[in-house]
Amino acid sequence: MWRVEDGKQMANMKGYGVQCLAASQDGRWIAGGTSFGDVLVWDAKTGESVFSRKEDGWIKGVDFSPDSTRFVLTKPRKDATVWDIATCKQVLTLDHSAPNGTTTGSHTTLPAIPTRVTAAKYSPQGDRIATATGDSVRIWDSNDGRLLFSARVRRMSEDPGHFWFNNHLTFAAGDRIRQINASTGSTIFELPIPLRHDSCIALPRYGEFIAYSTNRTVTLWDTSTYTQLSLIQHPQDIHSIAVSPDGQFLAIGEKCGKITIKKLSHIAYQIPITCLYPSFQEPVIQIDDAALNLWRHDQLADSEALLTAAIPTPQRSSHHALASRALVRARLQLWNAAVDDAEKSIKIRPSIIGHIAKSVALVGKGEKHKAYRACDIAFDHFHPSRSRFVLLIKAIIVFMAGEYEDAISRVDDLIAMVCDNSICYVVQAYMHLLLGNLRMESRDHESAIRSFEHARVRMRPHTSQALLAVSLMTGWKFDNFGITIRQHLCKAQYAAGHAKQAGESLLNMTHLLNEEVYICKDITQWVSDFAQQCLATPESSELIQRCPTNPQSDNDGASRPSPLLIEWAKATLMMNRSWTDALTASVDFITPRFMTYQAICERLEVDHILDASKCFLQGVNGSASETTTRGEQAEWVFAFRQRAAEKLEHLGDLAVDAQQLDDAITQYSAALSLDPPIPHIFIKRSKVYMAKRLWKEALDDAKQAITLDPSSWGYEKVLMEWTKANLMNGFWKDALSAARDFKVPKLTIYRNLCEGLELETVEGIMDAIECFHQMASELTEETITRGEQVEWFLDFRYRCSDKLELFGDAAMDSQRHDEALKYYLTALSIHPTNTQRFFILQSKVGMTKGLWKDALDHAYEAIAFDPASPWGYEAERAALHGAGRYDEAIQTFETMLSKMAQSPDPQICERRGQYVTPSTTRVTIRKIVQRTMRQSPCVLINTTTGRLYNKTEQTTAFMSLPIVSELVSSMTTRIDRGRIKREARKFFQYVMLSHKWEENEPLFQQVIHVAVYDLDQSPTHDKLQMFCRIVRDAGFNWAWSDTCCINKEDHFVLQEALVAMFKWYRGSVMTIVYLQGVRSPATLGDLVRSIWNTRAWTLREYVAAKVIRFYTEDWTPYLNLDTPNHKESPEIISEMEQATGVSAQQLTALRSGLGNIREKLHLASTRHTTLVEDVAYSLLGIFSVVGIPAIYGEGEGALGRLLAHILAGSGDASILAWTGQSSTFNSCLPAYITVFNRSAMSHLPRPIENAEMEKIVTRLRTSTLELDVSLRLYDRLNELPASWFAASRMKLPCIAFKLPPLLPYRTDLGPVYRVESPVFGKVEIKSKQVPSRLDSLYLVHPWLDALLGREEMHSGVSAEDDIAEPSSPNSDDEDLSDEDEEDDSSPKPLSHPAPVDTAPVDRETHAWQLVARLRQPFGALLFTLAPTRRRAVEYRRVAADSVITVQIQENVALTDVLDNVRTLDVL
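Residues numbered from 1 in each chain as written. Predicted model: local features only at pLDDT ≥ 70, side-chain atom pairs only at ≥ 80, totals over all residues. Heavy atoms only, no water.

**Here's the deal with the sheet that holds strand β12 (residues 128-132)**
Read from one edge to the other, the open sheet built from four strands follows the order β11-β12-β13-β14, with strand pairing classed as antiparallel. Strands at the two margins of the open sheet, each flanked by one partner only, are β11 (119-122) and β14 (147-152). Pairwise comparison of adjacent strand axes, ignoring direction, gives a mean angle of 15° for this sheet. Examined bridge by bridge, β11 and β12 share four bridges and lie antiparallel to one another. By the bridge assignment, alanine 120 is partnered in β12 with threonine 131. (Pairing = 2+ DSSP bridges. Helix = DSSP H or I, 4+ residues; strand = E, 2+ residues; numbered from the N terminus. Axes fitted to C-alpha atoms, helices over the stretch in contact; angles between N-to-C directions.)

**Concerning the pairing of strand β13 (residues 136-141)**
For β13, the tally of buried residues reaches six of six residues, placing the bulk of the element in the interior. By the alternation rule, side chains of β13 split into Ser136, Arg138 and Trp140 and Val137, Ile139 and Asp141, which are all buried. Of the strand pairs in this sheet, β12 and β13 are connected by five bridges, and their pairing is antiparallel. The partner of arginine 128 across the bridge, within β13, is aspartate 141. Following β12, the chain reverses through three residues before pairing antiparallel with β13. In this structure, β13 lies alongside β14, joined through five bridges in antiparallel fashion. Across the sheet, residue tryptophan 140 finds its bridge partner in β14, namely leucine 147. Turn length for the β13-β14 hairpin, with the two strands adjacent in sequence and antiparallel, is five residues, and the turn residue glycine 145 shows positive phi of about 80°. (Buried < 20%, exposed > 50% of the residue type's maximum accessible area, 1.4 Å probe, protein only.)

**So, the sheet that holds strand β27 (residues 948-949)**
Read across the sheet, six strands follow the order β27-β26-β29-β28-β30-β31 without closing on themselves; strand pairing throughout is mixed. Here the strands that pair on one side only, and so sit at the sheet edges, are β27 and β31 (1108-1111). Those strands touched by helix α42 (residues 1019-1033) are β26 (940-942), β28 (990-994), β29 (1038-1040), β30 (1070-1074) and β31, and its axis lies near 145° from that of β29. (Contact = heavy atoms within 4.5 Å.)

**Overview of empty space enclosed by the protein**
A full pass over the atoms with the stated rule returns three cavities of 30 Å³ or more. In this structure, the largest cavity encloses a volume near 50 Å³. The wall of the largest cavity is formed by Trp1218, Thr1219, His1243, Ala1420, Leu1421, Leu1422, Arg1437, Val1438, Ala1440, Ser1442, Val1443 and Ile1444. At the level of secondary structure, the elements contributing two or more residues to the lining of the largest cavity comprise β38 (1418-1425) and β39 (1435-1438). No other element matches β38, which puts three residues into the lining of the largest cavity. For the lining of the largest cavity, the residue count by class is eight nonpolar, three polar and one charged. (1 Å grid on protein atoms, 1.4 Å probe; cavity = no way out; pocket = protein on both sides within 12 Å on 5 of 7 lines; lining within 4 Å. Points joined across faces, edges and corners; volume = space filled by probe spheres on them. Nonpolar A, V, L, I, M, F, W, Y, C, P; charged D, E, K, R; others polar.)

**Here we look at the pattern of salt bridges**
Considering all chains together, one arrives at 44 salt bridges under this definition. A salt bridge links aspartate 340 to lysine 344; the nearest nitrogen and oxygen atoms lie 3.3 Å apart. Placement of both aspartate 340 and lysine 344 in helix α4 (residues 335-348) is noted, with a separation of four residues, approximately one turn of the helix. With a relative accessible area of 36%, lysine 344 lands in the partly exposed category. Lysine 365 is paired through a salt bridge with glutamate 367; the nearest N and O atoms lie 3.8 Å apart. When its relative accessible area of 26% is taken as the criterion, glutamate 367 is described as partly exposed. Through salt bridges with shared partners, one network takes in Glu304, Arg325, Arg329 and Asp341. (Salt bridge = Lys/Arg side-chain N within 4 Å of Asp/Glu carboxyl O.)

**A few points about the nonpolar core**
As a rule of thumb, nonpolar side chains are buried together in soluble globular proteins. In terms of nonpolar packing, the biggest core is built from 172 residues, with Phe1027, Ile1072, Phe1110, Leu1277 and Phe1423 touching the most fellow members. Discounting chain neighbours no more than four positions away, the residues touching phenylalanine 1110 are Val1073, Leu1075, Leu1087, Trp1092, Tyr1102, Thr1116, Pro1117, Tyr1118, His1126 and Ile1132. (Core = buried A, V, L, I, M, F, W, Y, C linked by side-chain atoms within 4.5 Å.)

**Description of the environment of glutamate 998**
Within the fold, glutamate 998 resides in the loop between β28 and α41 (1004-1007). You can call glutamate 998 partly exposed: its relative accessible area is 26%.

**Some points on helix α39 (residues 962-970)**
Three or four residues apart is the spacing at which side chains of an α-helix point the same way, because the helix has 3.6 residues per turn. Among all positions in α39, only Val964, Ser965, Glu966, Leu967, Val968 and Ser969 are buried. Looking at the buried side of α39, the elements it contacts are α34 (871-882), α35 (886-902), α37 (918-932), α38 (951-959) and α40 (977-988).

**Some details on the layout of surface pockets**
Within this model, the second largest pocket holds a volume of roughly 1,600 Å³. Taken together, 42 residues line the second largest pocket, and the ones lying closest to its centre are Asp809, Asp813, Lys844, Glu874 and Arg877. Of all the elements in the fold, those that place two or more residues in the lining of the second largest pocket are α30 (789-813), α31 (817-830), α32 (836-849), α34, α35, α36 (906-911) and α39. No other element matches the eight residues that α30 contributes to the lining of the second largest pocket. Counted by class, the lining of the second largest pocket contains 16 nonpolar, 13 polar and 13 charged residues.

**Considerations on the packing of helix α43 (residues 1051-1067) against helix α45 (residues 1096-1104)**
Remark: α43 packs on α45, axes separated minimally by 7 Å, with the N-to-C direction vectors making an angle of 40°. One way to sum up the angle between α43 and α45 is to call them oblique. The handedness of the crossing between α43 and α45 is right-handed. Across the interface between the two elements, Leu1058, Met1061, Phe1062, Tyr1065 and Arg1066 of α43 pack against Trp1097, Arg1100, Glu1101, Val1103 and Ala1104 of α45. (Parallel < 35°, antiparallel > 145°, perpendicular 65-115°, else oblique. Left-handed = near helix turned anticlockwise from the far one by under 90°.)

**A few points about the confidence of the model for the chain**
Of the residues in the chain, 80% reach a pLDDT of 70 or more, and the chain-wide mean stands at 79. In this model residues 545-558 is a low-confidence stretch, pLDDT under 50, and it forms 26 contacts with partners more than four residues away in sequence or in other chains. Predicted confidence for residues 1372-1401 stays below pLDDT 50, and this span has 50 contacts to residues more than four positions away or in other chains. (pLDDT = per-residue confidence, 0-100.)

Written out as C-alpha cells, the structure is:
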C-alpha cells in the first residue's frame, strides 16, 4: 500500500494469487481474495493479517460495509456470503439459487436466474447489497439477507463494476454503461460505449463522472450532461482502473504489475455542477451524507453552511439543496430565509419537499393557514403514492400550529385508512408525549399521566427513513422513544405523589426494555437516581418490602431484596461506582440495611465476585451482622458464601491455567476468607505458593489443610517439591541451609535431600552419598536407627551401592578404568561389609587396576561365601576374561548359568534369560561366517599354508582362531553381530590374480593335494608362489588364481565360475595384475603394448576390480608406483584410456548387468581370445548372464546365444545395428563381435532437439495430416512388445516395406544394388549376398524405441545396474542378508510399459512427435522371405556391407505406414 502524495510505501501485505482488493471506509482494513480461495483481511496500518480463511473456489470480488464491520464475498458459481470481521464468522448467505422476487411488498415471482455471481457492492447507507449474476442485478437487505429487488440485464459484463450513489446503481452490461433506480429498476441513463471483455469502470464517491478503460485509453464522462469530459492515453495495456473517493486521482494498473497515479484536477472545471450529490432520498428529502449527519446531530449551523457552499448561484442551484436548506433554516428559526429558500426551490422544480419546507417555515412564522395551504398544494399536485405521507406531515403542521386535539384526530383517521400505519402510531405517540410535557409545565400531573399513558399505548417499534425525514423537519427525537415515554410517565406519577406506581413503572420499563435501558449511560444514571429517590420515600414502603425469590439463586426460600432495590444496585454499579459509594448513597433508604448489602452483593456476584465477597464480609461482620443469623437471612448467607467460594475457586483455577499466579492467590485467599475455610482450597493455594517458591507459606497452607482434613495432601509433599526445586538449580548444602527455619525434623530434611538428589545420574548418586555420610556424622545413631528410619537407612545404602556398581560396570565396558575404580570404591564405602556383594566389589576394584590375581582371589572369596549364588562366578568369569584366559572364562560362565537355572529365587531364574549361552554365540558366529563367504570364491589358497581350502575348511580355520574364544567369552548378554562381521570380513579378505595364461599352468588337480609352496620349480609355478607370498606379506590370508582354484573338469563348477567371476573380482580386497613380457625398469606405454591388455578375460577383471596393483615380470611394481591403488594412478588411467579408447570415467561407471550394452560390446570387440567361444563366455559375468552353459566347440553360436539372451532381457534393439556377416545362430545377429567396434548411431534416427521438435509439432498441428491416423499409429507402436527370442527364432516388431526388384551396378568400390522405392525414393545397397537374386526383399525400420522417444530405456545405467552389489568379505557394509540373492536365468520377452492413460492433449503431442521422428533418415535392415515348409511366414536378414540409409518420403500416407506395422518371425 502506497501514499498517493509521495509514493511512499505504507504497508506490505502478503498473499499469493490475489484477484481482488477492497479498503474499508474508516481506513482500518484491507481485504483481498485469491484465485486459490483464500480470503484475507489485513490491518491497513501494520500490514499484519487479522483474518484468514480457505474457501472452495476462487474469490471473484470483495467489498466492505460503510461501518467497516462486515464484508461481502463473491465466488463464481457460488452464492455471495457476508462475514463479520470481529467474530470471523459468516453471518449471511445471499441465496442466488432461489427464484427471484421483485421489490419488497410485491409477491411477484420471476423465473430463476443463473447463479454465476460476478460482483457485490454495499449501498452507501449499508442497508442494502447489490449483486450481479450472468444476466441480472439483485438488491438484498444487508441485515437479514432478504431479496428486495431483481431485474433482468442483457449481457452483464464479466466485471460489471457496481457503483452506488444517490439511490442509483451504475454498472457495465453488454456494450454500454447503465444506471438504474435501485428501488424501481427503471433506467436513468445509458452510455453506448464500445466496452471490451477486459474493460473496467470506476466512479468517485458522489458520481460526478464515470471513468472506463479500453485497451490503452481511459475515458471520462459527465453523469449530469452525459458528455465526454476527457480522454487519457496510456503507453501500456490497461488491466484495471480506480478513482479516489474525492475524484482527484486516477490509478491505472498495467498487466505487467505496474501502477500509475494521475491527477484529475485539470478536468474539474469541466463538471458543470459541483454541488453535493444526494445519497439520502427517502421519502422526500434528498441530501448528501455529510450534511445529513450534521443535521441529524443537531449541528444545524454547520449543515446550513455546507448546503450553502453547494449552492454557488441561483442559476446553478438544485431544488433539493434549496428545500433542504429551507428545512434547516426553519429548525434554526430563520423563518423568512426558510420561506425564501422554499419558494426558490418550488420555482426551480415543484416538489413535495419544497412545499413541505414552505409549510414548516410558515407555521413557524405563525401563518398557519398559509402553511395548511402549502400542504394542500403538495397533496393535490403530486403522485398518490406520496399522499399519505403528506397527510401525516399536515397533521404534524396542525400540531405545531397549536391545534393538538385536531392533529391527534387527523392521525387517528390516517391509522384507520392506512395498512402500514406504524409510523402514524409513532408520530401520534410523540404528540401525546409533547402534550403531556405541556401539562406537566402547568402542574396538571393527572392529565400529564393520562397523556403519557396514551403515548405508551400508541408507541410501536418503527425505524424508517420516513421517520428520519419527520425528525429532520420537526426536530422531534425518536431515539429511545419508548424509554423516553416511560421516563416521563415515572416522573409524572412521582410528582403526583404516587411513588408506588412510579416505582412499578420503573420496574416495568427495566423489565421490558432492559437492553435499551442499560446500553445508554444517561438512561442508566437516571434509573439509578430515580430508584434512589423512590427508595427514600415512605410512600413506596409496600413496594420495597416485596421480596420474591431471586432467579439467580439455587436456594429456594432464602430472603431476597426487593426488585426495585436490585434495579437500583444494578444501575448504580453499572455507572462504574464502587460498592462502597453505593452503600454511602443508600443511607436514606427505608429498607433494612442488610437488604441493601444483599442487593449489592447479588449484583456484584455477576461479574465482580471479588468485590462481592468483600461487601459480603462487611455485611455479615458489620453493623448489619445481628440480622444474619436469623431465619431466612441465615439461609441466604449460607447460600451466598457457598456460591462465592465456588466462583472464586474457579477463577483461581483459571488464573493458574493462565500462569497468572498472583491473581490465583488473590482469588483463593478471598475464597478462604469466607468462613468456614475449605481444606482443598488451602491445598490449591499451597501449590501456587510452591510455584512461586514461597516455601514457608506453602508449608503453612499444607498444615492448615491437614488440620482441617487429616486425609488431605500434606506437608511431606510440599517438602518434596521444595527439595526438587532447590536441587534443580543449586547444591544440596545450600538447600540444607535454606531449611533451617522449617519446623520439620532434621532427619526428615536430610531424608528428602537424599531422595531428591537425582539417583539416576552419577553426579546425583555421589552427592546423595555425601549427604548421607554428613547425616550419619551429624545425627545420633539412636535418631537414625529408630523405628521405620532404620529400614530406609539400609535400603538407601543398598540402592546407592547397586547403582554405583552398575555405573562402574559401564565404565569398565567403555575402557574408562579410572572412573570405574572411583565408582567401585565409593560403593564399597557405603555398602555393608562381610557380604558376598562386598567381595564382588573388591574383585571389580582389582580388575579396574589390572590386578587379575587379586580380582580372582576376591571372586573365589565371594564364591566361598555363597557357593549357590551365581554372582561370584560372574566375577570370576570377568577376571578370567580380563586375564586373557578365554576358555576358562567360558567354562566359568557356563557354571554361572547352571547356578542361575538351579536357584530357588524366581528373580534369578528370570534373569537367566538375559544371558546368551556360549553355544548360541558359536552358532551365530558360524552363520555370520557362512554368509560372509557366500559371495567369495568357492576355493581359496591359504597364504600361510599354501593349501587349497573349500568353504567348509575356511569356516573351520576361522572357528579355530583364538579371536573366536575371545568373542564367545565377551558376548555374555548380547551378541555383537557387527563386531563378528568385522572380524570375519577381515579374516576372509582375499586377493585375485589377473594374468595371461601360459603353458603348464598349475591346475586344480595338481594343487589339491600339495601346498603351493611345495610345487616344482617352473615359470608358472614361480608365478603362483610369488603371487601368494606377496599376498601373505600384505597381511591377507587368502589368494585366488583362475589356474588352480577352479576345477575345470566339473562342468557345474566351471559354469558357476564363468558367471560369478566378475563379482569375485568386484568383491576382492585387491587384484594383482601380472604383466607378462613387461620387464623392469618399465617405461610409460609398456602397459598399452602388453599382452595382458589384448585379452578379453583381463578386460572383465580390470573393470570389475576396485583396487589393482600392476607388477612386471620380475614382480616389481609397474613404473615403481607406490600408490595403494594403481587404478587411480594418472599414469595407469592415461594408458588404459589409450588402450581401450574409452574414458576412465566410463570404465569406472561400468557395472555388471544389462546396462551400457553397446559400450561393453565395443570394449569386447577390441580384445582377443584363444578360443572362439571365450568371446562370449568372457562376457557372461559383465552382463550377469545366468543360464548359458559353456559348450566349447560350438564356435560362433556362443556369441549368438549371448546376444540373444541380452536382447531378450533388455529389449535393446541397438544390438541389431551392425554391418558385416550374419551369425549361423540367427541371421539378425552378427557372426563376430568385431562388428561392434563401430558406433550404432549411424543406424538410429537422429534425435530431434526440444526447440526443433516444438516447431515441427506446431507445423504438423496446422497441416492436413489426419490426427486420428497419427493417434492410431502411435497406439499401435506403443502396444508392440520388445524384440525377444524363442530358441534361435527372433520375434522382431518393426515397420516393414516391400522393395521393387533391385538393379545391379558396378563401381570402383565394388558392386552395388539400386532401386527406386515409392516409400524411400532412391535406395542403394552394398552386400556380398547378392540381394538381386533374392525374391521379396523388405526394408525394415526396427528402431521403434527411437520413434516413440524411449531411447533412454537402454542408455546409461539400467535398473539392474542400480542394484547394490552383494556383500563380500571385502565389503564395508555392516548388513549381511540372511537370504541368498537369486538370479533369474530364464530370458523372457521384455514388454514395454503399458501405455499410460494420459490427458488427450499429451497423447496428441506424442502422436505428432512420432510423425516428426518418422520422417528422419535411419539405417534400415534388409530382409527376405525364407524358404520354409511351415505355414507361418519366416524371414532372414540379408547382411549389408554398409549402412542402408533411407528416409520415408513426405508423400507417403500415414495409413500406408500403419498398414506395414508388423512383427517378423526371423530365422
